[in-house]
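Now for the letters of each chain:
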Amino acid sequence: MFDRKTLEELIINYGKRMGEKNFTPGYSGNISCRYEDGMLITTSGSANGYLKEECIVYTGFDGQAKEAGKKPSSEKLLHIEFYKKRPDINFILHVHAPCLSAFASAGKALETPVMAENIFYFGGIPLAEYALPSSKELVDNTAKFFDKYDAVLMANHGFIVGSSTMEDAYMKLELAESYAQVVLLTNLLGGAKPLTEEQTQAVLVLRG
């Protein structure tokens, strides 16, 4: 893994990029990455699009900040559980991107095989049942999908995605928001025409 300064720069730069894309409006969402025996995570109340070094705190996997005067995001336990379940995950983005949040708030998973790219990169994006933000129930409801999925919608809340690299996590966020937009637009045109089971399986074979 990278040194702390490099990791902080990644968090700040990609946070700004997400802010410019309106993936993380206002104070919503949080970003983290593995670091030493824990993680670096954005602080409570920080805005992902306008981060500075002081907005990032080193936090142990017990949820406790290892730096005085900094309070980690209230969603820290969700990030921790993702890292614990998935040793291959090094970066996590939790956002309230508009189209993804629309599906989450409508109680609809994104599992329709609309385009080959969506199937290849996600398989599908499941929907975790609603729970109070920052609660253990939210962690439990969402974490049960982490074994098989890199990305999960959280009902009436938002979206979380993880990957081995920050770049890939961000690219999957872009793809997921585009996926949601396409499904919404096809509904205006009378509904999507999903790929057949045979066509879907052919794409899944490419994933290996």
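Notes on the structure in this doc start here. (Residues numbered from 1 in each chain as written. Predicted model: local features only at pLDDT ≥ 70, side-chain atom pairs only at ≥ 80, totals over all residues. Heavy atoms only, no water.)

Take the environment of Glu111 next. For Glu111, the position within the fold is in the loop between α3 (98–106) and α4 (116–122). The class of Glu111 is partly exposed, set by a relative accessible area of 42%. In this structure the C-alpha to C-alpha distance between Glu111 and Ile125, which are 14 residues apart in sequence, comes to 5.6 Å. Not counting residues up to four positions away in its chain, the partners in contact with Glu111 are Gly124, Ile125, Pro126, Tyr149 and Tyr179. (Helix = DSSP H or I, 4+ residues; strand = E, 2+ residues; numbered from the N terminus. Buried < 20%, exposed > 50% of the residue type's maximum accessible area, 1.4 Å probe, protein only. Contact = heavy atoms within 4.5 Å.)

The end-to-end C-alpha distance of helix α1 (residues 4–20) is 24 Å, a good match for the 24 Å that 17 residues give at a rise of 1.5 Å each. Looking only at α1, the buried set comprises Arg4, Leu7, Glu8, Ile11, Ile12, Tyr14, Gly15 and Met18. On its buried face, α1 is in contact with β1 (30–35), β2 (38–42), β3 (56–60), β4 (91–95) and α6 (166–188). Between a side-chain oxygen at the N-terminus of α1 and the backbone nitrogen of Lys5 the separation is 3.3 Å; the capping residue is Asp3. Where α1 terminates, the next one or two residues include Asn22, which has phi positive at roughly 60 degrees. (Expected span 1.5 Å × (residues − 1). Polar contact = N/O pair within 3.5 Å; in protein donor to acceptor, adjacent residues only side chain to side chain.)

Our focus in this paragraph is the packing of aromatic side chains. For the coordinates displayed, the defined rule picks out 7 aromatic pairs. An aromatic cluster is defined as three or more aromatic residues linked by ring pairs; in this entry it consists of Tyr14, Phe23 and Tyr170. The ring centre of Tyr170 lies 5.4 Å from the NZ or CZ of Arg17, which sits over that ring. (Phe/Tyr/Trp six-rings, centres within 6.5 Å; stacked < 30°, edge-to-face > 60°. Lys NZ or Arg CZ within 6 Å of the ring centre and 35° of its normal.)

In the contact formed by helix α2 (residues 76–85) and helix α5 (residues 136–143), the axes pass within 9 Å of each other and the chain directions differ by 35 degrees. The interaxial crossing formed by α2 with α5 has right-handed handedness. The residues of α5 that touch α2, namely those facing Leu77, Leu78, Glu81 and Lys85, are Val139, Thr142 and Ala143. For the contact of α2 with α5, the class distribution of residues is 4 nonpolar, 1 polar and 2 charged. (Axes fitted to C-alpha atoms, helices over the stretch in contact; angles between N-to-C directions. Left-handed = near helix turned anticlockwise from the far one by under 90°. Nonpolar A, V, L, I, M, F, W, Y, C, P; charged D, E, K, R; others polar.)

Moving on, we come to the pairing of β3. Taking burial as the measure, the 5 residues of β3 include 5 buried ones, the bulk of the element. A two-sided burial pattern is seen for β3, the buried positions comprising Ile56, Tyr58 and Gly60 on one face and Val57 and Thr59 on the other. Pairing of β2 with β3 involves 5 bridges; the strand directions are antiparallel. Following the sheet pairing, Ile41 is matched in β3 by Val57. (Pairing = 2+ DSSP bridges.)

Time to look at the pairing of strand β7 (residues 158–163). A large share of β7 lies buried, amounting to 6 of its 6 residues. Here β7 shows two buried faces, one formed by Gly158, Ile160 and Gly162 and the other by Phe159, Val161 and Ser163. In terms of strand pairing, strand β6 (residues 151–154) meets β7 through 4 bridges, oriented antiparallel. Each bridged residue has a counterpart across the sheet, and for Ala151 the counterpart in β7 is Val161. Hairpin connection between β6 and β7: a loop of 3 residues separates the two successive antiparallel strands, and Asn156 in this loop has a positive phi of roughly 55 degrees.

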